[in-house]
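# Chain and residue survey
Residue-level listing of the chains:
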Amino acid sequence: MALPACAAGVLWPTLQPERGAPARTTCPRRHSRVEAELAESRPGSVAASVREDPPRGVSRGFNSQPLKEEPLKASSSQAGAARAPLFALLPRGRRRRMHDLRRRWDLGSLCRALLTRGLAALGHSLKHVLGAIFSKIFGPLASVGNMDEKSNKLLLALVMLFLFAVIVLQYVCPGTECQLLRLQAFSSPMPDPYRSEDESSARFVPRYNFSRSDLLRKVDFDIKGDDLIVFLHIQKTGGTTFGRHLVRNIQLEQPCECRVGQKKCTCHRPGKRETWLFSRFSTGWSCGLHADWTELTSCVPAVVDGKRDAKLRPSRNFHYITILRDPVSRYLSEWRHVQRGATWKASLHVCDGRPPTSEELPSCYTGDDWSGCPLKEFMDCPYNLANNRQVRMLSDLTLVGCYNLSVMPEKQRNKVLLESAKSNLKHMAFFGLTEFQRKTQYLFEKTFNMNFISPFTQYNTTRASSVEINEEIQKRIEGLNFLDMELYSYAKDLFLQRYQFMRQKDHQDARRKRQEQRKFLKGRFLQTHFQSQGQVQSQNPGQNQSQNPNVNANQNMTQNLIQNLLQNLTQSSSQNSIQKENRESPKQNPGQEQSDNNTSNSTNDYIGSVEKWR
């Protein structure tokens, strides 16, 4: 389409022919190529300005080098160079096509196009594959050709959800040892919070034989009465953490009052200004710093009831509790604590009414403390109280002459101390192990019928675990604490047996309660059923008598069965409650247990007779 003459005069004033050149009678876009080159070479022309600044939407790389700097090429290259500065003079449609051609060869656009087409092809193939799978599984219910747009979106959403779940599973559980991938996780409805905490095998094989009274620890602790819990705190056994649990983490009618900045808390009984707990965080070190069994048994009654008259003193039950720890870890932890400057000089070590002399209990250091001592020096001291500390603090030292080593031979002394520590530990109301925090919490709650607010936390990384020792040093530490090693083995066996016994008892009680509930519901169902039948028969007496002449006899037998059934159910529930109380006590009555079994058997016979009659 040719431009008008007026428009040509306005748009192309600089393209007029020079003097001596022939007159132009056509529009500029119909000029010859030679005239276009001449118009471009003239300064100030439109073609030159277009050459300097390309139009919007055209990259400068399209005409990066000026024409005058290029050498003369063939006629085809000259034609291309002539057409390039006249890009803005082309029609809009041709410019768009040339712009699209340039964009097609752009690397980014090419990558995006390839990625888009690849994903589309992958989705199309996946659609056909999944459609074929669905058609094989569901037959005519799923057909690829009949799948509408909604079904395609739903299928794509399911596939994306599956891929997301796989990615999350690999992120959360990268290894093959994940609990979600084990059959045990699917077989049990919920994980057991009391499983093995020391990374050992969950199956425990007992080594010692204990009686039922040794395993069943059920203390009738009356916090409103006069009973007292006495905590024997052995150094570096986690007793500080457990002591804080006792004053800050127990659900009580009247909780302990703990003020900020004070170590001791006020633990009064409900309605009384008297403490129910004798520990570091309630009464302080009233019997000396880290008092042992010998000191506490002679000191606590005097401290609690010392101001009262002997006739007015109540008959209290003192329930002793303590925490034990692996001897090697405890020994290393005490050494690190001594390195930081701990001395425990305030410990009284009172035995048989007097403290030990300097000859009976010499000191291992000469200065104010023993800070910075190496491990070898700590082990070389023969008077170090860290050796076999747990046995010494749990035994009755009056049996061996307190700290006087000349009373009896060393071998006999060690035997007496070990047997005394085992006996005191077994007859304590409760003891826990540092390596089993959750089991310790469980046994304490079952023993005293007191629940903690938050669960205990098992810390596997301690100061002792950060100490690296070789096998030779470890064997020497075990040799220095050979009594503690034997005591800890005994305590661990008793502790785990008590835990298993209490867990089995809980399962049996839960099973017995479910059986009682089923019996009760079954009796209610039979009662309701027979009552409804009786109401129907009473509404139609003539019809029932004509159809069944023995209806009165059946009704009488039904009523008798119902009365006997309800009576026996009531007796069995009461007898089961009595049996539960008797089982919780250390002594049992075998005749009572036999009567309970007879009662339950008779109840089952009545239920069976009712079902047979129906």
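Scroll up to find the structure.
Structural notes, computed from the coordinates.

Definitions and limits used
- Residues numbered from 1 in each chain as written.
- Predicted model: local features only at pLDDT ≥ 70, side-chain atom pairs only at ≥ 80, totals over all residues.
- Heavy atoms only, no water.
- Phe/Tyr/Trp six-rings, centres within 6.5 Å; stacked < 30°, edge-to-face > 60°.
- Helix = DSSP H or I, 4+ residues; strand = E, 2+ residues; numbered from the N terminus.
- Polar contact = N/O pair within 3.5 Å; in protein donor to acceptor, adjacent residues only side chain to side chain.
- Contact = heavy atoms within 4.5 Å.
- 1 Å grid on protein atoms, 1.4 Å probe; cavity = no way out; pocket = protein on both sides within 12 Å on 5 of 7 lines; lining within 4 Å.
- Points joined across faces, edges and corners; volume = space filled by probe spheres on them.
- Nonpolar A, V, L, I, M, F, W, Y, C, P; charged D, E, K, R; others polar.

## With respect to the packing of aromatic side chains
Counted under the stated rule, the structure contains 20 aromatic pairs. Pairing Trp-370 with Phe-378 gives two aromatic rings, centres 5.4 Å apart and planes at 35 degrees, and the pair type is tilted. When the ring of Tyr-442 is compared with that of Tyr-499, the centres are 5.6 Å apart and the planes differ by 75 degrees; the resulting orientation is edge-to-face. One end of the pair, Tyr-442, is in helix 16 (residues 437–448); the other, Tyr-499, is in helix 18 (residues 482–539), with 57 residues separating them in the sequence.

## Thoughts on the side chain of His-349
Here His-349 shows up in the loop between helix 12 (327–339) and helix 13 (375–380). At 3.4 Å, the side chain of His-349 forms a polar contact with the side chain of Tyr-403. Look past the residues within four positions of His-349 in its chain and what remains in contact with it is Glu-295, Arg-354, Pro-355, Pro-356, Leu-361, Leu-385, Arg-392 and Tyr-403.

## What to know about the layout of surface pockets
Rolled over the atoms, a probe as big as a water molecule pinpoints where empty space is left. Looking at the largest pocket, its volume works out to about 950 Å³. Along the wall of the largest pocket there are 40 residues; nearest its centre are Thr-237, Gly-238, Arg-325, Thr-434 and Thr-462. The set of elements that each furnish at least two residues to the lining of the largest pocket consists of helix 10 (239–248), helix 12 and helix 18. If you tally residues by element for the lining of the largest pocket, the top one is helix 12, at 4 residues.

## Re empty space enclosed by the protein
Applying the stated criterion across every chain yields a total of 6 cavities of 30 Å³ or more. Its boundaries defined by the atoms lining it, the largest cavity holds a volume of some 110 Å³. Contributing to the lining of the largest cavity are 13 residues, with Phe-231, Phe-278, Trp-285, Ala-291 and Leu-296 lying nearest its centre. Of the pockets and cavities examined, the second largest cavity occupies roughly 70 Å³. Along the walls of the second largest cavity sit Leu-215, Arg-217, Ala-429, Phe-430, Phe-431, Leu-443, Lys-446, Thr-447, Arg-498 and Met-502, which together make up its complete lining. At the level of elements, strand 4 (430–433), helix 16 and helix 18 are the ones that each hand at least two residues to the lining of the second largest cavity. When residues in the lining of the second largest cavity are grouped by element, the largest group, 3 residues, is from helix 16. Here the residues of the lining of the second largest cavity sort into 6 nonpolar, 1 polar and 3 charged.

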